Amino acid sequence: MITLALSKGRIFDETLPLLREAGIEVSEDPEKSRKLILATNDPGVRVVLVRATDVPTYVQYGGADLGVTGLDTLIEHGNQGLYQPLDLQIAKCRVSVAVRADFDYANAVRQGSRLRVATKYVGIAREFFAAKGVHVDLIKLYGSMELAPLTGLADAIVDLVSTGNTLKANHLVEVERIMDISSRLVVNQAALKLKQAPMRRLIDAFARAVPAA
Ligand code: AMP
């Protein structure tokens, strides 16, 4: 049995067509069922639903043989023990710095001010600002980062941006683009050895299903 870890929402929705191209149909809609383990039309493949930030952990420790996770989540988790064979080109977005429209970010950076930055992506933010030589106090948040500059909790946020609509709705502006993000297929290395033939078949099927970059 091969176990694939997915998170509900954008990653699940955008992985389904790739699975379908690989001949695999998930038998239930996770939005309608409370089940955490979903069967597929292939008796040798099942899907487990986990939180997005838990996908690398499940794959690392063998709770799942492979998984789909955003590059952002993967970088924050660290790459320990995870083989990353494919960029699936789905759930594309970027990690950016955003501030209130009335905050002069460029001037604050030029003057060497210490910035308070709220983010879920502490590792990515720390590395980015260190490389720029900007001193920051990082405030770890787990959600609704956009609220931080509006309430005075932080001067800036580091968050995922896709269309930019969420920033706009909250009167925030994107001032730096840190990196482009897409979802990756990650694989447990031991599983790849122990279940070589079916794992290879699934990875190759994913590879064929990925649209050319
Ligand atoms: P948008 O309004 O389209 O710029 O989307 C921004 C909001 O959606 C932010 O709250 C992000 O955290 C979230 N978001 C955007 N893209 C992704 C993605 N690929 N994966 C997870 N969350 C995302």
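Named according to an unreviewed UniProt entry, the protein chain is ATP phosphoribosyltransferase originating from Ramlibacter pinisoli. Its UniProt record gives the protein chain a comment under Subcellular location (unreviewed entry), which states: "Cytoplasm". Comment text from UniProt for the protein chain, heading Subunit (unreviewed entry), reads "Heteromultimer composed of HisG and HisZ subunits."

Enquirer: Quick question: what am I supposed to make of the nonpolar core here?
Expert: Nonpolar side chains in soluble globular proteins generally cluster together in the buried interior. Core analysis: the largest hydrophobic core is formed by 31 residues, its most contacted members being Val97, Phe129, Ile157 and Val158. For this core, the secondary-structure elements that each account for two or more residues are strand E6 (93–100), helix H4 (105–110), strand E7 (115–119), helix H5 (122–132), strand E8 (136–140), strand E9 (156–161) and strand E10 (172–181). In terms of residues, this core owes the most to one element, E6, which gives five residues. Excluding residues within four positions of it along the chain, valine 158 makes contact with Val95, Ser96, Val97, Val117, Ala118, Thr119, Lys120, Tyr121, Ala125, Phe129, Met145 and Ile178. Counting residues in each nonpolar core, the second largest holds 30 residues, with Leu19, Val45, Ala91 and Val210 among its members.

Enquirer: How should I be thinking about the site of the ligand in this particular structure?
Expert: Around the ligand, the structure places Arg10, Ala91, Cys93, Glu146, Asp159, Leu160, Val161, Ser162, Thr163, Gly164, Asn165 and Thr166. With respect to the ligand, the backbone of alanine 91 contributes an N or O atom lying 3.0 Å from a nitrogen atom. Within the contact set of the ligand, an oxygen atom lies 2.6 Å away from a side-chain nitrogen or oxygen of threonine 163. Against a free-state accessible area of 490 Å², the protein chains account for coverage of 69% of the ligand. Only E9 and helix H7 (165–169) provide two or more residues apiece to the shell around the ligand.

Enquirer: What should I look at first to understand the sheet that holds strand E11 (residues 183–188) in this one?
Expert: Two strands in a sheet stick together by hydrogen bonds in their backbones, pointing the same way (parallel) or opposite ways (antiparallel). Sheet architecture is open: six strands sit in the order E2-E3-E1-E4-E11-E5, paired in mixed fashion. Each having just a single partner strand, strand E2 (37–39) and strand E5 (82–87) make up the two edges of the open sheet. Pairwise comparison of adjacent strand axes, ignoring direction, gives a mean angle of 30° for this sheet. Sheet analysis places strand E4 (residues 66–70) next to E11, joined by five bridges and oriented antiparallel. Bridge pairing in E11 links valine 68 to leucine 185.

Enquirer: Looking at this model, I keep getting lost on the environment of lysine 195. Mind explaining?
Expert: For lysine 195, the location among the structural elements is in the loop between helix H8 (189–194) and helix H9 (196–209). Take lysine 195: its relative accessible area is 28%, and that puts it in the partly exposed class. Expressed as a C-alpha distance, the spacing of lysine 195 and valine 173, which sit 22 residues apart in the sequence, is 48 Å. A polar contact of 2.9 Å, which involves the side chain of lysine 195, links it to the side chain of aspartate 65.

Definitions and limits used
- Residues numbered from 1 in each chain as written.
- Predicted model: local features only at pLDDT ≥ 70, side-chain atom pairs only at ≥ 80, totals over all residues.
- Heavy atoms only, no water.
- UniProt positions renumbered as here; feature names shortened; annotations may be inferred.
- Core = buried A, V, L, I, M, F, W, Y, C linked by side-chain atoms within 4.5 Å.
- Buried < 20%, exposed > 50% of the residue type's maximum accessible area, 1.4 Å probe, protein only.
- Helix = DSSP H or I, 4+ residues; strand = E, 2+ residues; numbered from the N terminus.
- Contact = heavy atoms within 4.5 Å.
- Near = heavy atom within 4 Å.
- Polar contact = N/O pair within 3.5 Å; in protein donor to acceptor, adjacent residues only side chain to side chain.
- Areas by Shrake-Rupley, 256 points an atom, 1.4 Å probe, with all protein chains shown as cover.
- Pairing = 2+ DSSP bridges.
- Axes fitted to C-alpha atoms, helices over the stretch in contact; angles between N-to-C directions.

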